[in-house]
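The lines below spell out each chain.
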Amino acid sequence: MLIGVLAPALALAQTVQITEIAPHTLANEPEWFEFEVTQKGEVDLSEWQLSNDKNKPKPFTDIIDKIMPGEGVQVTENPLVFALEGKGYFVFSPSPIGLPNDGGTLQILNGEGAILNQINYPKAASRSTKDYEEREVLVWDEPTKQLKTINVRAPHQVGFESSKGQKNPILATTSTEFRALINEVSVDSDVADFIEIKIASGPEKINLQYTELKHNGTPLWYFEEAYFVSPGDILTFLIGTPDQGKAGEHLFHSNKRDGLSGGSGTVELISFAGTSQETWMDTLCWQKKQLSETERKRVQKFIEAGQWKSECVSIENLVPNQSVARPIGGNDNQLNTDWFEHFNGSRGQENTTKNQAPKAIITLQGSKKSVAKVSFLLNPTGEYSTDPDGPKDLKTFLWEFDQQFLSDQKNPAGFYIETAGEHELKLTVTDQSGESHTAIETIVGIDPGGSNSNVGSAKAQLAVVEQILQESLNENLKDQAQDDFFAVLLNRPQWKESLMAYHYESTAVDKTSLEIEMQDMYETDWPRQINLPKPVRQRLKKNLGLLFSWRESPWPGLTAEWSAVVEADRKFGYFDLVYRGF
């Protein structure tokens, strides 16, 4: 792109700079250009001339009717003498000389023919649709000494004429001034697919106006207005959400597509998109299956432009919620080796390493030690295990008890500790990359026969159970749960004679007859079905497990009945049957 070139320094009281050129007509507005004069006091334009470096210069006196004073300029009695406070803007509208659409030269000369300012401008684009007309205005950026493009559109929009005859707005930053990279792409997220853009380097304030993000050739986001970022910032674009627009600090919703392609696809980051200065800043392509013909042609364009140099990044082994990402400080060689498989707990953050090891955490929801005459229920969970790469990176859970396989579930079924002494409970978690970590808990079992020294805890657990059940009665919910056992608990004052004790002493009873014999009692005062939602069932499961770790009755006057319930459960596993049914 050609840029404006200043003439050699002249011994003048003022400096002159052509600041805007509009070489296309727009909505019946003619071609025009603007120049800036820096001077304290009066400036006399009566001997100045205008030239395109081809034809004979035109004196300002011949085109005085086309000059318009703008910001910072005061008119005097002389039509070509103006008063300036330090800097003033002038506009020739319409332009008194032709401004070719495919580029040209503008010169402002003094009376002796010396060039006060000359600028060579490039081709400027324009287009017209049934809805609007659009053209480029070429604007001089003094800090970078180059022309930049501003797109203006009719009907009226912000910026259409806002800088004509006035100080130029902060201009969009060109791709030569800063570096932005595609940082992470998630193609199969259970929340929302996303694309991260990292601002790698550039000035302290970078204006992303006219920057565009595309997926498979479809625009996902376009910064039509000024948007400022700084080096180190990461922008996140959520794809396929119902919302559209800015959602937070550098967070955006795009509903232009339902999501990102999980088979094969491309992402393009484009500076000054849709203008004569359009430039690719970064590209990425990935594939699980063979590229379609359209995708293949798009990738070939990347390759021809030096934006991609290898096969596309393979996503064949990606699992849900995994992404492809650049490591922190990663290379940008336009190669698939620049990228790694990443579990995207780091959305909006640096992708610090290729993989970080998980941490197994055993949480005991039951009692760790038996303090009663009966074995206790141990109810462990691994749900609080962690992974720095995000919870979705956790792949497998392996439980062992006394070196024997116990479960491969995050939340194994509860089980009873029946023997005294120390027992080893081990949990090993493994992530999607194969790294693992093991946690070990020592569980102490006490030989049945000791007295319950913590009846208060049993009562506290009972209070929780009663509260949960009572809350469930006050809710009109659809979920049904078999709760014969809960009915027994609620009807405990009616245990004048302990059917459970009777069955415990009987030698000819089994679990089935136990349920049948007890049915009459708790169907009399309590329905077999009560409405219990899943969260209530889960809370009951936890608290009833703890309650059954106590042998002595938590209810005054019902010691024999409670002992019978506990002993019957040990013998027949009735509670265990109901408990596992959740």
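Just so we're clear, the structure is a prediction, and the values are computed from it rather than from any experiment.

1. Let's talk about the overall build of the chain
Of regular secondary structure, the chain possesses 8 helices and 38 strands. Within the chain, the proportion of its 582 residues that are buried is 49%. Residue pairs at least 24 apart in sequence account for 63% of intrachain contacts in the chain once pairs closer than 6 positions are excluded. Carbon and sulfur atoms provide 48% of the accessible area of the chain, an area that totals close to 27700 Å².

2. What to know about the state of the cysteines
Two cysteines, two sulfur atoms, one covalent bond between them: this is a disulfide. Counted according to the given criterion, the structure contains 1 disulfide. Each sulfur of the disulfide joining Cys 285 and Cys 312 lies 2.2 Å from the other. On the sign convention where negative is left-handed, the bridge of Cys 285 and Cys 312, at about -100 degrees about the S-S bond, is left-handed. Here Cys 312 lies in the loop between α1 (293–304) and β26 (313–314) and Cys 285 lies in strand β25 (residues 279–287), a separation of 27 residues in the sequence. Neither residue differs from the other here; Cys 285 and Cys 312 are each classed as buried.

3. Some details on empty space enclosed by the protein
Left-over empty space is what a probe sized like a water molecule reveals as it rolls over the atoms. Here the structure, examined in full by the defined rule, presents 3 cavities of 30 Å³ or more. Of the voids in this model, the largest cavity is the one considered here, and its volume is about 90 Å³. If you trace the largest cavity, you find 15 residues lining it, with Leu 208, Thr 211, Phe 223, Phe 237 and Leu 269 closest to the centre. Breaking the lining of the largest cavity down by element, the ones donating at least two residues are β16 (193–201), β18 (212–215), β19 (218–222) and β21 (234–239). Considering only residue class, the lining of the largest cavity consists of 13 nonpolar, 1 polar and 1 charged.

4. Here's the deal with a negative patch on the surface
A cluster of acidic residues, Glu 42, Asp 44, Glu 47 and Glu 112, forms a negative patch at the surface. Looking at where Asp 44 falls in the secondary structure, it is placed in strand β3 (residues 41–44).

5. What about the sheet that holds strand β11 (residues 115–121)?
Here we have 4 strands laid out as an open sheet, ordered β5-β4-β10-β11, and antiparallel in their pairing. Two strands close off the open sheet at either side, each with one partner strand: β5 (58–59) and β11. Sheet analysis places strand β4 (residues 49–51) next to β5, joined by 2 bridges and oriented antiparallel. Considered in β5, the bridge of Gln 49 is made with Pro 59.

6. With respect to the confidence of the model for the chain
Chain-level pLDDT for the chain is 78 on average; 69% of the residues reach the 70-or-more range. Here residues 448–457 is a poorly scored stretch, pLDDT under 50, and it has 17 contacts once near neighbours within four places are set aside; other chains count. For residues 577–582, every residue scores under 50 in pLDDT, and the model assigns this stretch 13 contacts once sequence neighbours within four places are set aside.

7. Let's talk about the pattern of salt bridges
For the coordinates displayed, the defined rule picks out 14 salt bridges. The salt bridge partner of Lys 87 is Glu 36, with a shortest N-O separation of 3.9 Å. With a gap of 51 residues between them, Lys 87 in strand β9 (residues 87–92) and Glu 36 in strand β2 (residues 32–38) connect regions that are remote in the sequence. Lys 87 sits in the partly exposed class, given a relative accessible area of 42%. With relative accessibility at 15%, the residue Glu 36 sits in the buried group. Across the pair Lys 148 and Glu 177 runs a salt bridge whose closest N-O atoms are separated by 2.7 Å. Taken together, the residues Lys 148 in strand β14 (residues 146–154) and Glu 177 in the loop between β14 and β15 (179–186) connect sequence positions 29 residues apart. With a relative accessible area of 4%, Lys 148 lands in the buried category. Accessibility expressed as a relative area gives 22% for Glu 177, which makes it partly exposed. Within the structure, one salt-bridge network assembled from shared partners comprises Arg 179, Asp 282, Arg 326 and Asp 332.

8. Notes on α1
Across its 12 residues, α1 extends 16 Å between first and last C-alpha, which sits within 8% of the 16 Å expected from 1.5 Å per residue. Among the residues making up α1, those that are buried are Glu 295, Arg 298, Val 299 and Phe 302. For α1, the buried positions fall inside an angular range of 95 degrees around the axis, keeping them on one side. Relative to its buried face, α1 has exposed residues pointing more than 90 degrees away, namely Lys 301 and Glu 304. Buried residues in α1 make contact with β24 (264–271) and β25. Note on α1: the residue one or two positions beyond its end, Gly 306, has a positive phi of about 75 degrees.

The rules behind these values
- Residues numbered from 1 in each chain as written.
- Predicted model: local features only at pLDDT ≥ 70, side-chain atom pairs only at ≥ 80, totals over all residues.
- Heavy atoms only, no water.
- Helix = DSSP H or I, 4+ residues; strand = E, 2+ residues; numbered from the N terminus.
- Buried < 20%, exposed > 50% of the residue type's maximum accessible area, 1.4 Å probe, protein only.
- Contact = heavy atoms within 4.5 Å.
- Areas by Shrake-Rupley, 256 points an atom, 1.4 Å probe, with all protein chains shown as cover.
- Disulfide = S-S within 2.5 Å.
- 1 Å grid on protein atoms, 1.4 Å probe; cavity = no way out; pocket = protein on both sides within 12 Å on 5 of 7 lines; lining within 4 Å.
- Points joined across faces, edges and corners; volume = space filled by probe spheres on them.
- Nonpolar A, V, L, I, M, F, W, Y, C, P; charged D, E, K, R; others polar.
- Patch = residues over 30% accessible without salt bridge, like charges linked within 9 Å, V, L, I, M, F, W, Y side chains within 5 Å.
- Salt bridge = Lys/Arg side-chain N within 4 Å of Asp/Glu carboxyl O.
- Lys, Arg positive; Asp, Glu negative; His and termini not counted.
- Charge placed at Lys NZ, Arg CZ, Asp CG, Glu CD.
- Pairing = 2+ DSSP bridges.
- pLDDT = per-residue confidence, 0-100.
- Expected span 1.5 Å × (residues − 1).
- Arc of directions from axis to C-beta.

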